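Structure at a glance
The residues making up each chain are set out below.
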Amino acid sequence: MNMLAKVPSCYGYVILTYLYSWIMLQYLAAKVVGARKKYQVKYPAMYSDKDQMFNCIQRAHQNTLEVYPLWLVFQTIAAFVYPLSASVLGAIWVTSRFFYAWGYYTGDPGKRMNGAFGYIGYFGVILMSIYISLQLLGVF
């Protein structure tokens, strides 16, 4: 049995969204690795007592890692039923993480809010997941 025959063709967008999120994570991780060298922050230290700039770069990555597992869960639930909508919302969230990080990279933590538009994608897949769960329970 060919599994691809059972998956809607637009599910390819879901997979591309996951790959896009992987690229985003690799980019943020590379920025931290470069900052470790530049600001001489040795492992296992997570943050620097001397360089606020390193802390901003590290925090942009760390915050994304804190939110990422939850986003993956809700993105996956939403994508099972609404693959195209979930892909659009996912792409919005992933793109926002770049803007969030670039704002942090200025050294002014307040500029991380340049990525606040990502809440559209994040809360979008959460609401879709709630709706799907209520559909399964027969509420809708």
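Residues numbered from 1 in each chain as written. Predicted model: local features only at pLDDT ≥ 70, side-chain atom pairs only at ≥ 80, totals over all residues. Heavy atoms only, no water.

Applicable threshold: UniProt positions are given in the numbering used here, feature names are shortened, and annotations may be inferred rather than shown by experiment.
As recorded in an unreviewed UniProt entry, the chain goes by the name Glutathione S-transferase 3, mitochondrial, listed as coming from Poecilia reticulata. In UniProt, the chain has this text filed under Subcellular location (unreviewed entry): "Mitochondrion outer membrane". Entered under Sequence similarities (unreviewed entry) in the UniProt record, the comment concerning the chain runs "Belongs to the MAPEG family."

Comments concerning the overall build of the chain
Basically, it comes down to this: Helix and strand definitions here come from DSSP, where helices need a minimum of 4 consecutive H or I residues and strands a minimum of 2 consecutive E residues; each element is numbered from the N-terminal end. Only protein chains enter the accessibility calculation, which uses a 1.4 Å probe; a residue whose area is less than 20% of its type maximum is buried, one above 50% is exposed, and one in between is partly exposed. Only heavy atoms enter the contact rule, under which two residues are in contact if any of them lie within 4.5 Å. Here the open area of atoms and residues is found with the Shrake-Rupley method and a 1.4 Å probe, where only the protein chains shown may cover a residue. Neither His nor the chain termini are counted; the positive set is Lys and Arg, and the negative set is Asp and Glu. Where a charge sits is defined by one atom per residue type, namely NZ (Lys), CZ (Arg), CG (Asp) or CD (Glu).
Scanning the chain from N- to C-terminus turns up four helices and zero strands. In the chain, the succession of helices and strands from N to C terminus is α-α-α-α. Within the chain, buried positions represent 39% of all 140 residues. A sequence separation of at least 24 residues applies to 67% of the contacts in the chain between residues at least 6 apart. Working note: accessible area of the chain is about 8,300 Å², and carbon and sulfur atoms make up 69% of it. Taken together, the 11 basic and 4 acidic charged side chains of the chain have centroids lying 10 Å from each other.

Things to note about unusual backbone geometry
Geometrically, the link from Tyr43 to Pro44 is a cis peptide bond, its omega value of 10 degrees lying close to zero. With respect to the helices and strands, the residue Pro44 is situated in the loop between helix H1 (11-39) and helix H2 (52-81). Although it is not a glycine, Gln40 adopts a positive phi angle of roughly 55 degrees.

Examining H2
To keep it simple, the criterion reads: Working rule for helices: expected span equals 1.5 Å times residues minus one. A residue's bend is simply the angle between two axes: one fitted to the seven residues ending at it, one to the seven starting at it.
Between its terminal C-alpha atoms H2 stretches 43 Å, which fits the 44 Å expected from 30 residues at 1.5 Å a residue. Approximately 35 degrees is the largest bend angle found in H2, and it occurs at Tyr68, with the proline Pro69 only one to four residues beyond.

A word on the packing of aromatic side chains
Think of a pair of aromatic rings as described by two things: how far the centres are apart, and how the planes are tilted against each other in angle. Spelled out, the test is: Here a Phe, Tyr or Trp ring, Trp counted by its six-membered ring, pairs with any other such ring whose centre lies within 6.5 Å, and the pair is stacked when the planes are under 30 degrees apart, edge-to-face when over 60, and tilted otherwise. Whether a charge sits over a ring depends on NZ of Lys or CZ of Arg being within 6 Å of the ring centre and within 35 degrees of the ring normal.
Enumeration over the complete set of coordinates arrives at 14 aromatic pairs. For the ring pair Tyr27 and Phe98, a centre distance of 5.5 Å and an interplane angle of 55 degrees mean the geometry is tilted. One end of the pair, Tyr27, is in helix H1; the other, Phe98, is in helix H3 (residues 83-104), with 71 residues separating them in the sequence. According to the relative accessible area criterion, Tyr27 is partly exposed, its value standing at 29%. Residue Phe98 is classed as buried on the basis of its relative accessible area of 10%. Through pairs of rings, three or more aromatic residues link up here, namely Tyr18, Tyr68, Trp71, Trp93, Tyr119, Tyr122 and Phe123. The ring of Tyr100 is capped by Arg97, whose NZ or CZ atom sits 4.1 Å from the centre of that ring.

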